[in-house]
There are 2 protein chains.
Amino acid sequence: MFQDATTAQINTALESAYTAFLSYRYQSGAQKAAFMRTIATEIEALGPILIETAQRESNLPEARLLGERGRTCNQLRNLADVVAEGSWLQATIETALPDRQPLPKPDIRNMLVPIGPVVVFGASNFPFAYSTAGVDPAAAWAAGCPVVVKAHPAHPETSELVASAILKAVEKCGLPAGAFVHLHGANFEVGKALVMHPKTAAVGFTGSFVGGKALFDLANQRPVPIPVFAEMGSTNPVFLLPDALEKEAEKYGKMYAGSITGGMGQFCTKPGLLIGTAGSGLDQFMVALNAAIEQTAPVAMLHPGIATAFREKRANVLAQTAVAVEAETTLEYAPNDGIPSAASVSAAEFLQNPTLHQEVFGPFSLLIKCQNEQEMSQVASHLEGQLTCTFIATDHDLHAHRDLVQAASLLCGRLVLNSVPTGVEVCAAMQHGGPFPASTDGRFGSVGAHAIHRFVRPLAIQGFKDEFLPAELQDANPLGIWRMLNGQWSKQGI
Amino acid sequence: MFQDATTAQINTALESAYTAFLSYRYQSGAQKAAFMRTIATEIEALGPILIETAQRESNLPEARLLGERGRTCNQLRNLADVVAEGSWLQATIETALPDRQPLPKPDIRNMLVPIGPVVVFGASNFPFAYSTAGVDPAAAWAAGCPVVVKAHPAHPETSELVASAILKAVEKCGLPAGAFVHLHGANFEVGKALVMHPKTAAVGFTGSFVGGKALFDLANQRPVPIPVFAEMGSTNPVFLLPDALEKEAEKYGKMYAGSITGGMGQFCTKPGLLIGTAGSGLDQFMVALNAAIEQTAPVAMLHPGIATAFREKRANVLAQTAVAVEAETTLEYAPNDGIPSAASVSAAEFLQNPTLHQEVFGPFSLLIKCQNEQEMSQVASHLEGQLTCTFIATDHDLHAHRDLVQAASLLCGRLVLNSVPTGVEVCAAMQHGGPFPASTDGRFGSVGAHAIHRFVRPLAIQGFKDEFLPAELQDANPLGIWRMLNGQWSKQGI
């Protein structure tokens, strides 16, 4: 239905985005905020057709899509608030000391500036929140960067609708057309051409390891390498500590069945590995988990490709030596449905089989049974980079397992206690990203205001008079932002 | 005299650094600051032997080395102040809202944490400030990362002396031995093995494009890619605008002769390209520049390899079509001396000859003669990423050339007005780094407190009670640092 973008269209898109960059980068925080708020309003104004289209294309239920639309508009408005306020750009001022010995000190001022057009790849599992007007585009616009979005081929019509809302906002706000360009591309060649285009300054991607790593490798082979922020999934290990299981195994078993199967497990923070030491607490946890999983209704996955991949990867795990099925839904499932299920394996086997370390995207989790705490630590020290690590633990457990918590903190972008890693809170303290291979650059995240920092760089300005400085760096602090002024945070003028 | 590190030594170095990381990362800001201040004291305690050794190995004059030692100790103490104060780690706290509808909000706290052992390659042109205890190691220690330094083969004895001071500080502060490891390696294989070691988490490098890019490419080919912060030099274009030249051509000509030839031009911020429009102002500027260059005494360069490279690259530029020598020192020079000199070429020729865009590391600069302002803009839009761009301009010039200033701001990490780019001020507002190829990642810099941010990543901690949180994130704010508390900067407790 939608044609892949041609080479000519890709060139036009990036040239247009670059031209837009030359003016869009000078939009004030207030102007960028107005643009982002207008996008949110226009998305809401699309009404039920957007939800219906996304339902049809993604198989996601209405309630989830209504919630995700809300989250997407909130993200736009939250980032709008951040840029409107303005302190995010880390204005830093060191005033001159003309009489300093042996040399005078010059006046130097510094702020974050946008890096250029950002290419964003829509994600299959969040047709709104990580797609066409999702957090990557929102962060880029907030930074002052135009955005070229490649729609995810699983929900092209949804993407077109959201794009129409953005284009209205571009027009209403009087922005250059290239502030947003929308393309389709089911073929990898389109993505490759977008990453390799000389005018592309950065890339945002949420999806599979194979896809993200391929884009990362391409970007590093360019004559001018550019950053690729790929969030590539995670197995999100959950450490089940004994005292907590002894006290509340059933509660946590039920809680985790919900986290593993909710949204048919199609979240990058889905708990894919459960790690516990053998004992009655773990047994009770599994009884509750298994019972809940067996009663969980299968639902169609996002698209047939994802359903096929889920079944293949799950079957591959189940075919490994010493892997036992723990639970599987007892309800009927159709060909494109997920299969709510869990399996188990010994820690010794897990440690020697890399296949078991791989993410199975969908409603499935693997229990790693440890003989003792030492084996649990061994598992922790052999895990790859993760978005999250979770502990189910009492205070007693935490005191007794300090080293394990510290080992987990090396692995992940977020440590969670006595909750589930799914349901990522969108706030300033969130980190959604983690050490490779969870993401290509664990120094940045793709949730909250921090996401803006992926698309900026510091620029120092030395010796310029007030009238030639951007408002953010002028003596009087006309924007009233927080600035680091001669070593002190301040909202004062000079 | 010093043997290249063996594979076994490299493995031991990184394993030892990683072991140290597991405890060093929990050192408090005060403890890390004490360590860095002790290093500075121990470097000063080395006394004249350090300066004498560096003089012998680098050919740099005593006064310069005394100044550089001061800068190096200041850097250590400045970064010590920053980590002792503690606000740098961007503590961010969002407290729980248990009654929020439809879902409760969890307590989430976030701070920057160190990423692991950092490998630093000493630089030839700054035997102190960008070498063994230079800004890269200082930033890594400040972040909480152990450091493995590969001494620059041009000043191994100097590096050994500085290393001895650091080792004393490690001992005096009771730190694990792996907090600092010193190795030699004239062969590229040593550098390669250091970058490829699985326990290496990041790399700091200051030197040539060829060297830095090779390390960057290796790091991206690892099973787990790591960041390489390579500062690879720059031609630092200087735009000479007409009104300023008409008024003060002679002053600026003399000033620039000093900046081009000072330290025999062996600074990454040396102005390598002068860009002006033909006219009497530019002629006067060149008369003053040329006269001063002709009177500049040649001095031995850092080492014979650099002298050879300078002569080859300079000869190559002079051999290009339509390049004319403008000035050359009239004083005698020895085989390893730099040759203070300048040449010129038309903008049309410059635009079509990429060889002329390359850095010539040493006391040489190329004047690009433009026919008009339009040609000057064309030159600006064809330049590669730079550490600095400078304008010699009156207010009138700046008003008349807004587009040119804006184009230059896209190119560089620092814009300078009516001064020289050399003599980098070490302060919080400085940016030393720029778009590729000036550095591998223009989002970061290698001067000032900002350098710490290269070696950290955010970690979110969700749902943990006060007693299990690091002091930086505890309710009472026991360290009294600035924190982003529920969206507001604050030093208050909760």
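Residues numbered from 1 in each chain as written. Chains lettered and ligands numbered in written order. Predicted model: local features only at pLDDT ≥ 70, side-chain atom pairs only at ≥ 80, totals over all residues. Heavy atoms only, no water.

(A) Main features of the packing of helix α3 (residues 48–58) of chain B against helix α6 (residues 156–172) of chain B. All names here are of chain B. One can describe the packing of α3 onto α6 by two numbers: an axis separation of 8 Å at closest approach and a directional angle of 155°. When the axis of α3 is compared with that of α6, the two are roughly antiparallel. Crossing hand, α3 versus α6: left-handed. Contact residues: α3 offers Ile49, Leu50, Thr53, Ala54, Arg56 and Glu57, while α6 offers Pro156, Glu157, Thr158, Leu161 and Val162. For the contact of α3 with α6, the class distribution of residues is 6 nonpolar, 2 polar and 3 charged. (Axes fitted to C-alpha atoms, helices over the stretch in contact; angles between N-to-C directions. Helix = DSSP H or I, 4+ residues; strand = E, 2+ residues; numbered from the N terminus. Parallel < 35°, antiparallel > 145°, perpendicular 65-115°, else oblique. Left-handed = near helix turned anticlockwise from the far one by under 90°. Contact = heavy atoms within 4.5 Å. Nonpolar A, V, L, I, M, F, W, Y, C, P; charged D, E, K, R; others polar.)

(B) Expanded view of the packing of helix α2 (residues 29–45) of chain B against α6(B). Residues and elements named next belong to chain B. One can describe the packing of α2 onto α6 by two numbers: an axis separation of 8 Å at closest approach and a directional angle of 135°. Compared by their axis directions, α2 and α6 come out oblique. The two elements α2 and α6 meet at a crossing, and its hand is right-handed. Contact residues: Phe35, Thr38, Ile39, Glu42 and Ile43 in α2; Val162, Ala165, Ile166, Lys168, Ala169, Val170 and Lys172 in α6. Residues belonging to the contact of α2 with α6 are distributed by class as follows: 8 nonpolar, 1 polar and 3 charged.

(C) Main features of the pairing of strand β2 (residues 108–114) of chain A. Residues and elements named next belong to chain A. Across the 7 residues of β2, 7 count as buried, placing the element largely inside the fold. Two elements, strand β1 (residues 92–94) and β2, share 3 bridges in a ladder whose sense is antiparallel. Looking across to β2, one finds that Glu94 is bridged to Ile108. (Buried < 20%, exposed > 50% of the residue type's maximum accessible area, 1.4 Å probe, protein only. Pairing = 2+ DSSP bridges.)

(D) Seen up close, the domain arrangement of chain A. Residue and element names in this part refer to chain A. Domains assigned within chain A are domain 1 (7–232 + 441–458 + 468–473) and domain 2 (237–417). Here domain 1 and domain 2 have C-alpha centroids that lie 34 Å from each other. At the interface, 12 residues of domain 1 touch 11 residues of domain 2. Counting each side, the surface lost to burial between domain 1 and domain 2 is near 860 Å², with a carbon and sulfur contribution of 58%. For the domain 1 face of the interface with domain 2, the top three residues by lost area are Asn59, Asn125 and Glu231, together amounting to 47%. Where domain 1 meets domain 2, there are 0 salt bridges. Taken together, the connections running from domain 1 to domain 2 amount to 2 residue pairs in polar contact (both at pLDDT 80 or more). Within the side of domain 1 that touches domain 2, the residues separate by chemical class into 4 nonpolar, 5 polar and 3 charged. (Domains from an automatic or database assignment. Buried area = accessible area lost by both parts, 1.4 Å probe. Salt bridge = Lys/Arg side-chain N within 4 Å of Asp/Glu carboxyl O. Polar contact = N/O pair within 3.5 Å; in protein donor to acceptor, adjacent residues only side chain to side chain.)

(E) Just the interface of chain A and chain B, in detail. If you look at the interface, chain A gives 67 residues, while chain B gives 68 residues. Across the interface of chain A and chain B, roughly 5,800 Å² is buried in total on both sides, 59% from carbon and sulfur atoms. Linking chain A with chain B are 4 salt bridges. The tally of links from chain A across to chain B stands at 29 residue pairs in polar contact (both at pLDDT 80 or more). Elements represented by at least two residues in the side of chain A that touches chain B include exactly α1 (7–24), β1, β2, α8 (209–221), α14 (395–400), α15 (402–411), β14 (412–417) and β15 (456–462) of chain A. The leading source of residues in the side of chain A that touches chain B is β15(A), at 7 residues.

(F) Expanded view of the sheet that holds strand β7 (residues 228–231) of chain A. Residues and elements named next belong to chain A. Here 5 strands make up an open sheet; going across it, the order is β5-β4-β3-β6-β7 and the pairing parallel. Here the strands that pair on one side only, and so sit at the sheet edges, are β5 (180–183) and β7. Adjacent strand axes in the sheet meet at a mean angle of 15°, parallel and antiparallel pairs treated alike. Bridging between strand β3 (residues 118–121) and strand β4 (residues 147–150) involves 4 bridges; their strand directions are parallel. Counted as the bridge partner of Phe121 is Lys150 from β4. With respect to the sheet, α1 is in contact with β3, β4 and β5, its orientation differing from that of β5 by roughly 165°. Of the strands in this sheet, β3, β6 (202–206) and β7 are in contact with α8, which crosses β7 at around 170°.

(G) A look at α1(A). Residue and element names in this part refer to chain A. Taking 1.5 Å as the rise per residue, α1 with 18 residues should run 26 Å; its terminal C-alpha atoms sit 25 Å apart, in good agreement. Within the sequence span of α1, burial applies to Ile10, Ala13, Leu14, Ala17, Ala20, Phe21 and Tyr24. Down the axis of α1, the smallest arc covering the buried residues is 125°, so these residues share one side. Exposed residues on α1 whose side chains face more than 90 degrees from its buried face are Thr7, Ala8, Thr12 and Thr19. (Expected span 1.5 Å × (residues − 1). Arc of directions from axis to C-beta.)

(H) Highlighting the sheet that holds strand β6 (residues 202–206) of chain B. Residue and element names in this part refer to chain B. Taken in spatial order, the 5 strands make up an open sheet running β5-β4-β3-β6-β7, and their pairing is parallel. Every other strand in the sheet has two partners, leaving β5 (180–183) and β7 (228–231) as the edge strands with one partner each. Ignoring which end each strand starts from, the neighbouring axes of this sheet average 15° apart. This element, helix α7 (residues 188–196), spans β3 (118–121), β4 (147–150), β5 and β6 of the sheet and lies at about 165° to β4.

(I) Spotlight on the confidence of the model for chain A. Predicted confidence across chain A gives a mean pLDDT of 96, with 100% of residues reaching 70 or more. Reported confidence for the predicted complex is 0.95 by ipTM and 0.96 by pTM. (pLDDT = per-residue confidence, 0-100.)

(J) The arrangement of the environment of A:Tyr26 in detail. Looking at the secondary structure, you find A:Tyr26 in the loop between α1 and α2 (29–45). For A:Tyr26, a relative accessible area of 41% corresponds to the partly exposed category. Residues A:Tyr26 and A:Val113, spaced 87 residues apart in sequence, show a C-alpha to C-alpha distance of 9.5 Å. For A:Tyr26, the contacting residues outside a window of four places in its chain are A:Gln31, B:Gln406 and B:Ser409.

(K) Broad picture of the pattern of salt bridges. All names here are of chain A. If you walk through the whole model with that rule in mind, you get 36 salt bridges over all chains. As a salt-bridge pair, Asp107 and Arg109 come within 2.9 Å of each other at their nearest N and O atoms. Arg109 carries the same exposure label as Asp107, and that label is buried. Between Glu248 and Lys251 there is a salt bridge; the shortest N-O distance is 3.3 Å. Of this pair, Glu248 and Lys251 both sit in helix α9 (residues 242–261), 3 residues apart, which is roughly one turn of that helix.

(L) Expanded view of the relation of the copies chain A and chain B. Expressed as a screw transformation, the operator carrying chain A onto chain B has a rotation angle of 180° and an axial translation of 0.0 Å, and the superposed copies differ by an RMSD of 0.0 Å. These values place the two chain copies in the arrangement generated by a two-fold rotation axis. It is A:Asn220 whose C-alpha, among those of chain A, lies nearest the rotation axis, at 3.7 Å. Both copies present the same face, since 100% of the interface residues in chain A are matched by interface residues at the equivalent positions in chain B. (Least-squares fit on C-alpha atoms with pLDDT ≥ 70 in both.)

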